[in-house]
Amino acid sequence: MKKDPLQPTQSLLAAAFLAGLALIFFWVPTESFQGVSQRILYVHAPSAWVAYLAFGVVLACSVAYLKTSEARWDWVAHASARVGVLFTGITLITGAMWGRPIWGAFWAWDPRLTLTLVLFLIYLGYLAFRASASDETRGARIAAVIGIAGFMVVPLVHFSVDWWRGQHPSRTVIRPEDSAALPSEMQMVLVTMFAVFTLLYLVLLALGVRLLKLENDVVELEADFLEKTVITPRPAG
Amino acid sequence: MRTVLAIAAKDLRGESRARQIAPVMLVFALCLVFLLTFALPPGALRAPVPVPVAGALPARDITGLLLWTSIFFAAVIGFGRSAAADREGSAGDGLLLAPVDPAALYAGKLIANSGFLLATQLVAIPLFMLFANIAPGALFPGILPVMLVASLGMAAVGTLFGAATQHAEARSLMLPLLTFPLTLPVILGASKLTSTLLIENRFGNEFRWFILLSVFDVVFLTLGAVTFEFVIEE
Amino acid sequence: MIALDGVGKKFGTVRALSNITLEITPGTTVGLLGPNGSGKSTLLKLAAGLLKPTSGTVTVGGKAPRDAKAQIGYLGHEPFLYRYLSAEENLNFYADLYRVDRTKVPVLLEEVGLQAKGSALVRTFSRGESQRLGLARAMLHDPEVLLLDEPFSGLDDASAGRLPQLIARPGRTTLLSTHDLPRAHDVADRLIHLSGGQLA
């Protein structure tokens, strides 16, 4: 059995993640305004970063796939979209968990939240389409078009959800993202978690690509097997 | 250009006989408009209601959203039908065989789809105003440019993904699923412009939405023209 | 004129064609024979550029089929016509796409014996009439290469008998599939047998 080249990276990731959690729970001081619930920021903000990074990778690989028709670009795009949807979901859930004690509601139509939700819908659509496409290569090509369209609409959705409510004073809530105002320990933990989550993304992406490649290999092996087991060609008639 | 016009004329002429797109869109839009306006208290869309809660919108402010949500869903049905016409008898394969630029095919179908959508709106919007007790002068003619940029944006997305979803297994489900989040800026923009026109009789500060919608149109028309070949080829 | 080099085509896990190498001499008419599911239609669609090969290359006149669209005429199982347009409108539409003069349309309608039905909607057409109009569509731009998938199907004896002279043009390369051996002998200079996705 060949040694898995991803193994050391995965061990490193596990150690870094545990260390990060220890920093969040035992080391970093509690924020005075929001109390303990502010600590979720250290998961929330890096998740959002990974989500955007993942969708950016979907865009880049989709363009590459349409240009080259090489299946590996499609695998990376597909795997990245899966990870992106997962982390968009985590962003939304952690945001809601933070929002309940701070805003008094799980959900607020804050522009950033709305944008994240729209992204979630777009890439859920991307994954749903991939599942329902009846032809493999055509499905991959169309998915690539969705991947490109999905990212191009981001700035437009951003402006439209921002403008929709006009400038209401209720919008000036305390933003968890205003990290510039954070004390240095908090900044340090935040930076650490960004690095840990980026590594997590890369590992999940690599595993996802490997899975898609294996699925593809299985299909090809099956086809080869079926071909070789056909002993006599059907008679002409 | 000849190709673009030939495609658009083919779609419009086929529809003038089959009448499967625009009338269906219209009836669907009217059903939605009826239901949504019926749900509101009488006169709610007309009277300048004071803002009851800080941050909440006056009822008149949602007029646009009611109208454009209805139009969006009607549009999705129309785009699906329009794309299906090319699938029946595999006629779309005939287009693939012909030595034409896929961008021209896209443009032709886009013109036809925008036409169906505009025609639907020209009937649906006055009827909506009738239901909602809105005076004709309150929206016309100011809403015409809104209709134009919004229709073009919706058709730009709908034509591309209408063709793209034809070979998916749950195509009638996939089309709204994909187009709704992508078209959100158009729905919001057209709604805000319509409501503002109704309340203030001018676009004022909200004129910026025209810029956003125009940018949207340009972005998606370009994307559609460039990527149409990838969605129609085998 | 039509060359396939090691062509294979898979649909998912199903292999429709494997390792086909074939060269069709310019100006000849070749009949493609084989039972249902032997890959005839797939081969014709590959030559027309409607499908892309999974492996190997297909060329028409030395070019990829998609770069030779103007030289290729193709008639498949479906006529590729719009049901809500008349026969004449359908051909006019394709004439515009192929940049052919519309004056050719009435001539072609007469050749396929549909001059009386020019303004009838295609949805009212019988199977045989659709097939003949589909043939007119495929030949509208006077293609150098004609690909016909089961052209005799749905045609009555008289129309089927007229087909060979209808499609014949000096210098035209024709590849047609059929399972009608006598008719294939009639029209073709050479016969190719396909079986289980392979040349037999």
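Residues numbered from 1 in each chain as written. Chains lettered and ligands numbered in written order. Predicted model: local features only at pLDDT ≥ 70, side-chain atom pairs only at ≥ 80, totals over all residues. Heavy atoms only, no water.

1. A short note on the interface of chain B and chain C
Contact with chain B, which involves 28 residues of that partner, is made by 28 residues of chain C. Where chain B abuts chain C, roughly 2600 Å² becomes buried across the two surfaces, and 58% of that area is made up of carbon and sulfur atoms. Salt-bridge contacts for B:Arg17 lead to C:Glu89; the nearest nitrogen and oxygen are separated by 2.7 Å. Here chain B and chain C share nine residue pairs in polar contact (both at pLDDT 80 or more) between them. Counting only elements with at least two residues in the side of chain B that touches chain C, the list comes to α1 (2-18), α3 (63-87) and α4 (91-97) of chain B. Taken together, the residues of the side of chain B that touches chain C break down into 11 nonpolar, seven polar and 10 charged. (Contact = heavy atoms within 4.5 Å. Buried area = accessible area lost by both parts, 1.4 Å probe. Salt bridge = Lys/Arg side-chain N within 4 Å of Asp/Glu carboxyl O. Polar contact = N/O pair within 3.5 Å; in protein donor to acceptor, adjacent residues only side chain to side chain. Helix = DSSP H or I, 4+ residues; strand = E, 2+ residues; numbered from the N terminus. Nonpolar A, V, L, I, M, F, W, Y, C, P; charged D, E, K, R; others polar.)

2. Looking at the interface of chain A and chain B
Chain A puts 30 residues into the contact, and the matching count from chain B is 34 residues. Three residues stand out in chain A for area buried against chain B, namely A:Arg138, A:Trp163 and A:Trp164, and they jointly supply 25% of the buried area on that side. Put simply, chain A and chain B have zero salt bridges between them. Inspection of the region where chain A meets chain B yields five residue pairs in polar contact (both at pLDDT 80 or more). Contributing elements (two or more residues each) for the side of chain A that touches chain B: α4 (111-132), α5 (136-152) and α6 (154-164) of chain A. Looking at the side of chain A that touches chain B, the element that brings in the most residues is α5(A), giving nine residues. Here the side of chain A that touches chain B is composed, by residue class, of 21 nonpolar, six polar and three charged.

3. Observations regarding the packing of aromatic side chains
Residue and element names in this part refer to chain B. Within the structure shown, the criterion is met by 18 aromatic pairs over all chains. Arranged with centres 4.5 Å apart and planes meeting at 25°, the rings of Phe216 and Phe220 form a pair that is stacked. Here Phe220 and Phe216 lie together in helix α8 (residues 208-232), a separation of four residues that amounts to about one turn. Among the residues examined, Phe216 registers a relative accessible area of 0% and is labelled buried. Judged by relative accessible area, Phe220 falls into the buried class, the value being 0%. (Phe/Tyr/Trp six-rings, centres within 6.5 Å; stacked < 30°, edge-to-face > 60°. Buried < 20%, exposed > 50% of the residue type's maximum accessible area, 1.4 Å probe, protein only.)

On their own, these measurements won't tell you what the molecule is for.
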